[in-house]
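Summary of the model geometry
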Amino acid sequence: MTEAGGLTKLQMYIGGEWVAPSGGDYIESVNPFTAQPWALVPRGNAQDADRAILAADEAFRNGPWGRMHASDRGAIIHRLGALIEKHADELAEIEVRDNGRLLAEMRHQIAYVAKWYYYYAGLADKIEGTVHPCDKPALSYSKHEPLGVCVGIVPWNAPLLLFSLKAAPALAAGNTIVMKPAETTSATALKLMELVEAAGFPPGVVNVVTGYGKEVGEPLATHPKTRHIGFTGSTATGAHLGMLAARDIKRVSLELGGKSPNIVFADADLDNAVRGVVGGIFGATGQTCIAGSRLLVQREVHDEFVEKLAAFTKAARVGDPCNPATQIGPMANQMQYQRVLDYIEVARNEGAKLALGGKHPEIEECATGYFIEPTIFTGVTNNMRIAREEVFGPVLSTIVFDDAEEAIAIANDSEFGLAAGVWTSDMRLALKMSDRLEAGSVWINTYRDISYTTPFGGYKKSGLGRENGVEGIREYLQTKAVWISTAKEIANPFVIG
Ligand code: ADP
């Protein structure tokens with residue numbers, strides 16, 4: 001890391017070395033609160049991608065990582081977790097400079113990220129095989145082996161968390177990894193490599209290359225030595241990477257977009273539901289794949305609920321993400337800021353009624369940053385674009401429903417299926433809803449909870465595969481069957497089976 005014209009100049013981490021991009025180009029990383037650049041991120045290219053994949057492949061085939069007992073690999077992964085916990089505040093400050101998330105939230109989130117490393121470190125030496133009740137004169141057993149080089153491509157909204165959801169299980173399974181953070185938020189992934197070195201990972205086991213998706217992400221994904229592509233981001237890019245993976249017969253896991261319904265029944269604790277709905281859509285300024293962006297409210301409490309919701313939201317403090325009193329920060333980048341403003345326009349033109357927000361806030365502190373007021377639309381119907389397309393911002397679309405069947409029909413009428421929330425005091429109804437909703441996560445009287453212990457992923461166009469929990473490590477393993485004959489000789493060499 002060096003200083004260049006007041007900007008911090010970052011380096012990539014390949015094969016255990018800090019390297020400059022082979023093309024010599026850099027991308028400015030802009031602080032969304034000030035709209036000013038603060039760092040220079042290496043603009044990697046296909047040559048850098050090739051170098052990183054070859055380093056990871058060499059480390060997988062010939063380095064100490066592959067020969068190490070899983071318990072020892074686990075110990076190194078655990079040490080990384082402890083270092084992350086120790087440096088959580090420092091990492092959080094960097095992350096906030098890159099993407100404008102609340103400092104208080106990022107401190108909490110990054111300290112929590114350590115748990116992914118602890119959990120998977122513990123799982124590393126518990127990957128057991130199976131002895132099969134074989135019908136042949138043979139002992140047949142199967143074991144689960146790593147895949148080889150795994151590429152992780154992650155977005156900008158929760159850079160280190162999403163990095164770790166992939167890195168921790170991939171490493172615990174015995175793979176080596178090449179990670180590519182988003183071009184606008186690469187600083188924490190690179191900072192993490194200092195901790196990777198200190199934890200004692202052999203060179204080439206963990207690599208980070210940075211730059212644009214097309215220029216360096218795609219060469220990583222299509223490299224012949226890449227065995228797995230783990231992607232979090234937009235559905236369009238995920239579909240593209242899925243096609244590239246299919247062409248080369250590579251394993252792929254995709255964690256994509258959502259248009260998640262948050263369903264409030266009349267019998268719910270409405271004040272608590274308000275808190276959950278607000279957290280679901282305005283937490284992280286709406287920039288999460290699990291944002292509860294469609295609010296479905298039962299008709300008899302619609303007006304009362306919207307009133308409570310608008311009052312609670314109006315009181316939220318919008319401003320400097322580093323001020324501990326702030327509850328809603330800026331959008332992470334200029335492109336996203338513009339995109340969300342455009343969607344607000346689309347919703348108005350479609351006839352949705354603006355109940356709150358809808359523009360850049362008139363607050364002095366927010367003048368230069370990429371801020372958008374928390375925005376609530378009512379009178380939305382599920383066929384409007386604002387109810388169908390992922391906005392990825394602080395924009396809530398309110399839809400009214402009469403009964404559970406109608407709520408289910410509206411909720412499931414979406415190409416996405418990442419998550420859903422249900423607010424009711426009737427547990428029988430809650431369980432029925434959880435059975436019928438087409439979503440990878442269903443939250444009842446809560447929203448936006450995730451844990452390293454619990455599988456996470458999408459139905460329908462929201463993704464393929466699962467992250468977290470025991471299921472999460474299976475994405476990074478392949479099964480090998482071994483046969484040991486117990487017969488004295490092969491009965492008939494010309495008849496098989
Ligand atoms: P978002 O809308 O969240 O930025 P993207 O899908 O565009 O979602 O980006 C998520 C990640 O995917 C980023 O790291 C980005 O650089 C990368 N990416 C974008 N396009 C490609 C591509 N064609 N191949 C590989 N990676 C890509």
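One can find the structure itself at the top, above this paragraph.
Please read all numbers here as calculations on a predicted model, not as lab measurements.

Here we look at the environment of Phe 265
Counting through the fold element by element, Phe 265 comes out in the loop between strand S14 (261–264) and helix H10 (270–282). Expressed as a C-alpha distance, the spacing of Phe 265 and Ala 430, which sit 165 residues apart in the sequence, is 9.9 Å. Setting aside anything within four residues of it in sequence, one finds Phe 265 in contact with Leu 270, Gln 298, Phe 401, Ala 404, Ala 407, Val 422, Trp 423, Thr 424, Leu 429 and Met 433.

Points about the site of the ligand
Residues in close proximity to the ligand total 17 residues, the closest being Val 154, Lys 180, Glu 183, Glu 218 and Ser 234. Here an oxygen atom of the ligand and a backbone polar atom of Val 154 are 2.8 Å apart. Between a nitrogen atom of the ligand and a side-chain N or O atom of Glu 218, the distance comes to 2.8 Å. Taken atom by atom, the bulk of the ligand overlaps the largest pocket. Counting only elements with at least two residues in the shell around the ligand, the list comes to helix H8 (213–222), strand S12 (226–232) and helix H9 (235–248). Split by residue class, the shell around the ligand holds eight nonpolar, six polar and three charged.

Considerations on the pattern of salt bridges
Following the criterion strictly, the structure yields 29 salt bridges and no others. In this structure, Lys 225 engages Asp 57 in a salt bridge whose closest nitrogen and oxygen atoms are separated by 3.9 Å. Of this pair, Lys 225 sits in the loop between H8 and S12 while Asp 57 sits in helix H1 (residues 46–62), and the two are 168 residues apart along the sequence. The exposure class of Lys 225 is partly exposed, given its relative accessible area of 35%. Close ionic contact of Lys 250 with Asp 248 constitutes a salt bridge, the shortest N to O distance being 3.2 Å. On the basis of relative accessibility, which here comes to 28%, the residue Asp 248 falls in the partly exposed class. When salt bridges with common partners are traced through the structure, they connect Asp 57, Arg 61 and Lys 225 into a single cluster.

Concerning the layout of surface pockets
If you roll a probe as big as a water molecule over the atoms, it shows you where there is empty space left. Counted as a void, the largest pocket has a volume near 1,200 Å³. Around the largest pocket, the lining is made up of 45 residues, and of these Trp 156, Gly 233, Ser 234, Thr 237 and Met 335 lie nearest the centre. Counting only elements with at least two residues in the lining of the largest pocket, the list comes to strand S5 (26–31), H8, S12, H9 and helix H12 (334–350). A class-by-class count of the residues in the lining of the largest pocket yields 17 nonpolar, 15 polar and 13 charged. Domain assignment of the residues forming the lining of the largest pocket places at least three in each of domain 1 (2–256 + 462–481) and domain 2 (261–444).

Looking at the sheet that holds strand S18 (residues 395–401)
The strand order across the open sheet built from seven strands is S16-S17-S18-S15-S14-S20-S21, with neighbouring strands paired in mixed fashion. Each end of this open sheet is capped by a strand with a single partner; those strands are strand S16 (353–356) and strand S21 (441–444). Strand-to-strand twist of the sheet, defined as the mean angle between neighbouring strand axes without regard to direction, takes the value 25°. Where strand S20 (residues 419–423) meets S21, four bridges bridge the pair, whose relative direction is parallel. Bridging across to S21, Gly 421 finds its partner in Trp 443. Strand contacts of helix H14 (residues 404–412): S14, strand S15 (294–298) and S18, with the helix running at about 145° to S18, the strand carrying the most contacts.

Conventions we followed
Residues numbered from 1 in each chain as written. Predicted model: local features only at pLDDT ≥ 70, side-chain atom pairs only at ≥ 80, totals over all residues. Heavy atoms only, no water. Helix = DSSP H or I, 4+ residues; strand = E, 2+ residues; numbered from the N terminus. Contact = heavy atoms within 4.5 Å. Near = heavy atom within 4 Å. Polar contact = N/O pair within 3.5 Å; in protein donor to acceptor, adjacent residues only side chain to side chain. 1 Å grid on protein atoms, 1.4 Å probe; cavity = no way out; pocket = protein on both sides within 12 Å on 5 of 7 lines; lining within 4 Å. Sits in = over half its atoms within 2 Å of the grid points. Nonpolar A, V, L, I, M, F, W, Y, C, P; charged D, E, K, R; others polar. Salt bridge = Lys/Arg side-chain N within 4 Å of Asp/Glu carboxyl O. Buried < 20%, exposed > 50% of the residue type's maximum accessible area, 1.4 Å probe, protein only. Points joined across faces, edges and corners; volume = space filled by probe spheres on them. Domains from an automatic or database assignment. Pairing = 2+ DSSP bridges. Axes fitted to C-alpha atoms, helices over the stretch in contact; angles between N-to-C directions.

Fair warning: the whole summary comes from geometry, so function is off the table for now.
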